[in-house]
Amino acid sequence: MGDHSRTMIESVTDGTEPPRGDPPLDVSIKLRITPRGKGRPRTTFKGGVRTYTPKTTREYQTELWQLIKPHLPDRIEGPIRIDAVFFLKRPKRLMGKKHADVLYCTSKPDLDNCCKALWDACKACFEDQQVVATSMLKVYATKQGSPQILIRVRRPKDDITSEINRLMWQDV
């Protein structure tokens, strides 16, 4: 079945689309901030229905944007790829010798909520729908490490077929 599926992908996207005219973009940023997830919207019924983002989430997104803004252009047009690694503080129970330097984090905050907070913080620079490719990791920092976020914003590859095959068949 693997070879048949691979052939289907190649026939669906033959990689012959014209090159984009978007300016080059490849920015790596290290943010010394504790990763947090985007809070759930709240709804109030005083004087009608009103939905809002919690104050703590708005403040966190503003802080994120202040750290990111100096590194990105004022406005990014066209498709973009965002890769990020969210390093969370390692709990004391994982400080023992038997644990590796970097460990996957399977506790809160949820990875998708960390991504939402990051993307929404950057809405002055680009819209969510412009993100066409992404790779995200949520890990505990090393024993001596501190919480932080590593971000890379760049253009996606023009060869979509190769990108699909890399994502789907890299470890097969």
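Please refer to the structure higher up on the page.
Keep in mind the model is a prediction, meaning the values are calculated, not measured.

Draft legend 1. Summary view of the overall build of the chain. Tallying secondary structure elements over the chain gives four helices and seven strands in all. Each helix (α) and strand (β) of the chain, taken in turn from the N terminus, gives the series α-β-β-β-α-β-β-α-β-β-α. Taken over 172 residues, the chain has a buried fraction of 36%. Taking the intrachain contacts of the chain between residues at least 6 apart in sequence as the baseline, contacts between residues at least 24 apart amount to 86%. Approximately 11,400 Å² of the chain is accessible, and the part contributed by carbon and sulfur atoms is 54%.

Draft legend 2. Structural view of the nonpolar core. Membership of the largest hydrophobic core comes to 29 residues, with the highest contact counts inside it found for Ile68, Ile82 and Ile151. Of all elements in the fold, only strand E1 (26-31), helix H2 (55-68), strand E4 (80-88), helix H3 (111-121), strand E6 (131-140) and strand E7 (148-154) reach the threshold of two or more residues within this core. Excluding residues that lie within four positions of it along the chain, Ile151 makes contacts with Val27, Ser28, Ile29, Leu31, Ile68, Ile82, Asp83, Ala84 and Leu118. Ranked by size, the runner-up nonpolar core spans five residues in total, among them Leu88, Leu94, Cys105 and Tyr140.

Draft legend 3. Seen up close, the side chain of Asp120. Relative to the helices and strands, Asp120 resides in helix H3. The exposure class of Asp120 is buried, given its relative accessible area of 18%. Setting aside anything within four residues of it in sequence, one finds Asp120 in contact with Lys38, Gln61 and Asp128.

Procedures and definitions
- Residue indices begin from 1 for each chain and proceed along its sequence in written order.
- Given that this is a predicted model, residues contribute local features only at a pLDDT of at least 70 and side-chain atom pairs are listed and counted only at 80 or more, while totals for whole chains, interfaces and linings are drawn from all residues.
- As a rule here, side-chain values come from all non-hydrogen atoms in the structure, and water together with hydrogens is ignored.
- Helix and strand assignments follow DSSP, with helices taken as H or I runs no shorter than four residues and strands as E runs no shorter than two, numbered in order from the N terminus.
- Only protein chains enter the area calculation, which uses a 1.4 Å probe; residues under 20% of their type maximum are buried, those over 50% are exposed, and those in between are partly exposed.
- The contact definition used throughout considers only heavy atoms, calling two residues in contact when any of these lie within 4.5 Å.
- Areas reported here follow the Shrake-Rupley algorithm with a probe of radius 1.4 Å; residue values treat only the protein chains shown as occluding.
- Buried residues of nine kinds, namely Ala, Val, Leu, Ile, Met, Phe, Trp, Tyr and Cys, make up a nonpolar core once their side-chain atoms join them within 4.5 Å.

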